[in-house]
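Results of the structural survey
Given next are the chains, with one letter for each unit.
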Amino acid sequence: YYVINEVVVKRLGHLPIYKGDFHLLPPKVQRFVAEKAELMRPRGIYICDGTEHESEEIVDKLVERGMLSPLKAYHNNYICRTDPKDVARVESKTWMVTNDKYDTVCRTAEGVEPLMGHWMSPNDLSTELDSRFPGCMAGRIMYVIPFSMGPVGGPLSKIGVQLTDSNYVVLSMRIMTRVTHEVFDVLGNSDFTRCIHSVGLPRPVKQRVINHWPCNPDRVLIAHRPPEREIWSFGSGYGGNSLLGKKCFALRIASNIAKDEGWMAEHMLIMGVTRPCGQEHFIAAAFPSACGKTNLAMLEPTLPGWKVRCVGDDIAWMKFSKEDGRLYAINPEAGFFGVAPGTSKKTNPMAVATFQANSIFTNVAETADGEYYWEGLEDEVKDKSYHPNSRFAAPARQCPIIHPKWEDPQGVPIDAIIFGGRRPAGVPLVFETNSWLHGIYTGACLKSETTAAAEHKGKSVMHDPMAMRPFMGYNFGKYLQHWIDLEQPGRIMPKIYHVNWFRKSAEGKFLWPGYGENIRVIDWIIKRLDGVEGIGKETAIGTVPTPESLNLDGLDGVKLDELMSVPKEYWAEDAVEVKNFLTTQVGEDLPAPIRNEMEQQEKRINDM
Ligand code: GDP
Ligand code: PGA
Ligand code: MN
């Protein structure tokens, strides 16, 4: 037991503790909880322990209230509908707060709004917080969620404590992170990432609550203070805005910690691929939101004898080992928060198997038989009342092909890094970059069609460097420099690739079948890693497969020439656009070696 000091006692006042023992919290956590309770004035405190029993208790309460309803066709699956104004990440209201603006954003050209990083001054943040958080939990319970990102106590793992007045968040955090009191034992009196979340609707509620989903869309604010390791989120219950362990902590805050400590926090899936000969390789891949990470991580190979096992589907924390010089990756999460539409037994059978029980579905449709439904699930259209960004949250351990090492605290050794996005034109199915530096440059030039994962309207190709644009925790030029600095003698640098499953024909049809067939691309990548000769053709942007080198056995009608071509006209235009982007957006923060890669590539394109 820890002793509660007088200040804490005073701040807590006579607030009831509905569950848990305040004395069992480490002193820094006690102070954090008491201070924030004093600010947000909930009617009581509930310290979560992450047990099944706790989850059942909360589920029952929410079902009674009508916020959750059981999907009767499955065991312990629930559906939930949000306020239609609260369905995706809100990038325009997501901020990084640092004293020096240029710790967050690049020195962009005059008059150019930074696309990467969204800066707010500490003073402005104070004003924003003061107008939202005082009393914001009135009449509600404040849940205290202790969680670990990564296996509890692991060398790459980190601890956070989230306060929230949303029970939906409590249930989802239990799926997505490791919620347990063991976290407090590991923590002792060290620091942790402080996560403060409120739906922003104190009681008595003045607005009409739609779908039993309290939120405050007009007042949304998601702010990060990297030096203080602190996250403030107000007004939204949507996963990417409210499950603060995920994008907020594991990417925006963690990328800052990673820069300081010499490791990487990236928006990447991690997969283990075993070839028919029995040899396994680990691959990490960065695609923007809703561009295929979850699908690739759980791919069911169409080539006989191949096996894919999933380590993670969204975020990778990676560090070079001092012993063998290889890059080791862990998945800091414990669950999948996946895009529902397009997920089916045909496209991603392993995801479907994962969410047969103990999962939460948000904004999907429900059939008369108590089943979930969305576009692309079956051939027959049953119901249209799902949102394009509807999601499932499912425990990773339920995935039939979860890798036996997925919770190995040391992580798995990465041989290759893949970048990719939705590129309807010009970009070949796959190419290998020429070096670590050229790989960084290629990642910096990543673009994709926008998707429903954020508030962008319509489809347009947008820059999303390293698939990190919405998740950049600090100055993008410094981030590139950090990647450059990672290459050191004695380290085995992963090879870097670029893929594009989304190239379209003149008729607007996908040129590549994708999904399980993507194993054919992985096959080529692994052959390249092995040094197999005669399978690559150098082009201005990197090495593409020779026509015979891609295994197309049993696959008809692939227009390989169209799929693999590197059209000069397209790339010449792209070179101008990219140069403009990097010069105006990253400006003088652009590291010289990357500028050099850009100039070299432009030259190669002009010489085509
Ligand atoms: P994530 O948000 O990056 O994890 O993306 P998901 O794996 O959830 O996929 C997002 C959407 O892209 C879903 O609708 C998928 O069905 C679709 N998708 C994923 N992989 C492929 C692919 O190889 N080809 C095509 N055409 N669509 C894909
Ligand atoms: P994802 O992002 O599409 O990369 O899984 C989840 C989110 O919208 O926060
Ligand atoms: Mn995903």
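Residues numbered from 1 in each chain as written. Chains lettered and ligands numbered in written order. Predicted model: local features only at pLDDT ≥ 70, side-chain atom pairs only at ≥ 80, totals over all residues. Heavy atoms only, no water.

- The chain is annotated in an unreviewed UniProt entry as Phosphoenolpyruvate carboxykinase [GTP] of Pristionchus pacificus.
- Recorded under Subunit (unreviewed entry), the UniProt text for the chain is reproduced unchanged: "Monomer."
- Entered under Catalytic activity (unreviewed entry) in the UniProt record, the comment concerning the chain runs "oxaloacetate + GTP = phosphoenolpyruvate + GDP + CO2". (UniProt positions renumbered as here; feature names shortened; annotations may be inferred.)

1. Details of the site of ligand 1
- Near ligand 1 lie 18 residues; those nearest to it are Ala290, Gly292, Lys293, Asn295 and Tyr515.
- In the model, an oxygen atom of ligand 1 is placed 2.8 Å from a nitrogen or oxygen of the Gly292 main chain.
- One of the side-chain N or O atoms of Asn295 is found 2.8 Å from an oxygen atom in ligand 1.
- Starting from 580 Å² of accessible surface for ligand 1 in isolation, the protein chains cover 91%.
- Ranked by residues supplied to the shell around ligand 1, first place goes to helix α10 (residues 293-297) with 3 residues. (Near = heavy atom within 4 Å. Polar contact = N/O pair within 3.5 Å; in protein donor to acceptor, adjacent residues only side chain to side chain. Areas by Shrake-Rupley, 256 points an atom, 1.4 Å probe, with all protein chains shown as cover. Helix = DSSP H or I, 4+ residues; strand = E, 2+ residues; numbered from the N terminus.)

2. A closer look at the site of ligand 2
- Taken together, 12 residues surround ligand 2, and among them Arg89, Tyr238, Lys247, Ser289 and Arg391 come closest.
- One of the side-chain N or O atoms of His267 is found 3.2 Å from an oxygen atom in ligand 2.
- Separating an oxygen atom of ligand 2 from a side-chain N or O atom of Ser289 is a distance of 2.9 Å.
- Alone, ligand 2 offers 280 Å² of accessible surface; in the complex the protein occludes 97% of this.
- Of the pockets mapped on this structure, ligand 2 occupies the largest pocket.
- Tallied by class, residues from the shell around ligand 2 come to 4 nonpolar, 3 polar and 5 charged. (1 Å grid on protein atoms, 1.4 Å probe; cavity = no way out; pocket = protein on both sides within 12 Å on 5 of 7 lines; lining within 4 Å. Sits in = over half its atoms within 2 Å of the grid points. Nonpolar A, V, L, I, M, F, W, Y, C, P; charged D, E, K, R; others polar.)

3. Focus: the sheet that holds strand β20 (residues 360-362)
- Taken together, the 5 strands give an open sheet; going across it, the order is β3-β4-β20-β23-β19, and neighbouring strands pair in mixed fashion. Two strands in the sheet have a free side with no partner beyond their single neighbour: β3 (68-70) and β19 (335-339). Neighbour-to-neighbour, the strand axes of this sheet turn through a mean angle of 20°, independent of strand direction.
- Judged from the 3 bridges that link them, β20 and strand β23 (residues 391-395) form a sheet pairing that is antiparallel. Looking at β23, one finds that Thr362 is bridged to Arg391.
- Contacting β3 and β4 (78-80), helix α3 (residues 52-65) crosses the sheet at an angle of about 100° to β3.
- Its contacts with the sheet put helix α6 (residues 167-176) on β3, β4, β19, β20 and β23, and the angle it makes with β20 is roughly 120°. (Pairing = 2+ DSSP bridges. Axes fitted to C-alpha atoms, helices over the stretch in contact; angles between N-to-C directions. Contact = heavy atoms within 4.5 Å.)

4. Regarding helix α13 (residues 476-486)
- In terms of residue burial, α13 counts as a mostly covered element, since 8 of its 11 residues are buried.
- Considered for burial, the residues of α13 that qualify are Phe476, Gly477, Tyr479, Leu480, His482, Trp483, Ile484 and Leu486.
- Measuring from the side-chain oxygen of the N-cap residue of α13 to the backbone nitrogen of Gly477 gives 2.8 Å; that N-cap residue is Asn475. (Buried < 20%, exposed > 50% of the residue type's maximum accessible area, 1.4 Å probe, protein only.)

5. Some details on unusual backbone geometry
- Omega for the peptide link from Arg203 to Pro204 comes to -5°, which places this bond in the cis form.
- Secondary-structure assignment places Pro204 in the loop between β10 (193-198) and β11 (221-225).
- One non-glycine residue, Asn358, adopts positive backbone phi at about 55°.
- Look at Ala467: it is not a glycine, yet its phi comes out positive at around 60°.
- If you trace the backbone, Ala467 turns up in the loop between β27 (461-463) and α13.

6. A short note on empty space enclosed by the protein
- Counted according to the given criterion, the structure contains 4 cavities of 30 Å³ or more.
- When its volume is computed, the second largest cavity comes out at roughly 130 Å³.
- As for the second largest cavity, its lining consists of 14 residues, and the residues nearest its centre are Thr442, Cys445, Trp571, Asp574 and Gln601.
- Tallied by class, residues from the lining of the second largest cavity come to 8 nonpolar, 4 polar and 2 charged. (Points joined across faces, edges and corners; volume = space filled by probe spheres on them.)

7. Quick notes on the packing of helix α12 (residues 436-444) against α13
- For the pair α12 and α13, the least separation of the axes is 10 Å and the interaxial angle reads 155°. Overall, the two elements α12 and α13 adopt an arrangement that is roughly antiparallel. Crossing of α12 against α13: the hand is right-handed. Of the residues in α13, those touching α12 at Trp436, Leu437, Ile440 and Ala444 are Phe476, Leu480, Trp483, Ile484 and Leu486. (Parallel < 35°, antiparallel > 145°, perpendicular 65-115°, else oblique. Left-handed = near helix turned anticlockwise from the far one by under 90°.)

8. Here we look at a negative patch on the surface
- There is a patch of like negative charges on the surface, built from Glu56, Glu57, Asp60 and Glu64.
- Considering the arrangement of structural elements, one finds Asp60 in helix α3. (Patch = residues over 30% accessible without salt bridge, like charges linked within 9 Å, V, L, I, M, F, W, Y side chains within 5 Å. Salt bridge = Lys/Arg side-chain N within 4 Å of Asp/Glu carboxyl O. Lys, Arg positive; Asp, Glu negative; His and termini not counted. Charge placed at Lys NZ, Arg CZ, Asp CG, Glu CD.)

9. Describing helix α14 (residues 519-530)
- In a regular helix each residue adds 1.5 Å, so 12 residues correspond to 16 Å; α14 covers 16 Å between its end C-alpha atoms and thus fits that length.
- When you tally the buried positions in α14, you get 9 out of 12 residues, the bulk of the element.
- Residues of α14 that are buried include every one of Ile519, Arg520, Val521, Ile522, Asp523, Trp524, Ile525, Ile526 and Arg528, and no others.
- Of the residues trailing α14, Gly531 is marked for its positive phi of about 80°. (Expected span 1.5 Å × (residues − 1).)

10. Some words on the packing of aromatic side chains
- Summed over all chains, the structure comprises 27 aromatic pairs.
- When the centroid spacing of 5.3 Å and the interplanar angle of 90° are considered together, the rings of Phe355 and Tyr372 count as edge-to-face. Of the two residues, Phe355 sits in the loop between α11 (349-354) and β20 while Tyr372 sits in strand β22 (residues 372-373), which places them 17 residues apart along the sequence. As far as the burial class goes, Phe355 and Tyr372 line up, both buried.
- Put simply, the rings of Tyr74, Phe355, Phe361, Tyr372, Trp374 and Phe392 pair up and form one aromatic cluster.
- Here Arg194 stacks its cationic end above the ring of Phe192, 4.4 Å away from the centre of that ring. (Phe/Tyr/Trp six-rings, centres within 6.5 Å; stacked < 30°, edge-to-face > 60°. Lys NZ or Arg CZ within 6 Å of the ring centre and 35° of its normal.)

11. A closer look at the pattern of salt bridges
- Enumeration over the complete set of coordinates arrives at 35 salt bridges.
- Its salt-bridge partner being Asp260, residue Arg229 comes within 3.9 Å of it at the nearest N-O pair. Taken together, the residues span a long stretch of sequence, with Arg229 in the loop between β11 and β12 (230-234) and Asp260 in helix α9 (residues 245-261) at a distance of 31 residues.
- Relative accessible area serves as the criterion here: at 23%, Arg229 is assigned to the partly exposed category.
- Here Lys447 makes a salt bridge to Glu577, at a shortest N to O gap of 2.8 Å.

12. A look at the layout of surface pockets
- Taken as a whole, the largest pocket spans an internal volume of roughly 1200 Å³.
- Every residue lining the largest pocket is counted, 44 residues in all, and those nearest its centre are Ala290, Pro341, Gly342, Arg422 and Tyr515.
- Ranked by residues supplied to the lining of the largest pocket, first place goes to α10 with 4 residues.
- Of the residues belonging to the lining of the largest pocket, the class tally is 17 nonpolar, 15 polar and 12 charged.

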